[in-house]
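Chain by chain, the residues:
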Amino acid sequence: MAENSESINELKTEIAGSRERLSRELQGLRYELDFPAKFRRSFRKQTGSWLSAAAAVGALIALAPMRKKKVYVDARSRRKGDKKLIETGLAMAAIKLVGNLARPLVMEFVKNRFFYSGEPSRGRK
């Protein structure tokens, strides 16, 4: 009987130790995975490096699209392109006209559907 109680006590201490190790490991993992805090600390310690790196990346982004792109145009396909452009323009004008005409109907539908509950408001009697 004494052996059982000793083995149970040993198991309990082993479990408590493993829980403690697990909690320490989780705290360490949380610390390592806290990237926003790491970036803040790094920026406080090395502000100049961060600002110069940001300026360099900004300069690269600004200067990258400066190269000229060559565009080749076929004179024969210009008529087809003009025709397509006219068709697209007419379609866009028709869509805009229909949209402007349908806007009051859509607004009324939305207002009645989502904002009017069918009950008179509290202020009115």
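Please read all numbers here as calculations on a predicted model, not as lab measurements.

A. Seen up close, the pattern of salt bridges. A complete count under the given rule lists two salt bridges for this structure. Linking Glu 32 and Lys 38 is a salt bridge whose minimum nitrogen-to-oxygen distance equals 3.3 Å. You can call Glu 32 partly exposed: its relative accessible area is 43%. Lys 111 is the salt-bridge partner of Glu 108, the closest N and O atoms lying 3.8 Å from each other. With Glu 108 and Lys 111 both in helix α4 (residues 78–115) and three residues apart, this pair spans about one turn of that helix. Residue Glu 108 is classed as partly exposed on the basis of its relative accessible area of 38%. Given the relative accessible area of 44%, Lys 111 is considered partly exposed.

Procedures and definitions
- Residues numbered from 1 in each chain as written.
- Predicted model: local features only at pLDDT ≥ 70, side-chain atom pairs only at ≥ 80, totals over all residues.
- Heavy atoms only, no water.
- Salt bridge = Lys/Arg side-chain N within 4 Å of Asp/Glu carboxyl O.
- Buried < 20%, exposed > 50% of the residue type's maximum accessible area, 1.4 Å probe, protein only.
- Helix = DSSP H or I, 4+ residues; strand = E, 2+ residues; numbered from the N terminus.

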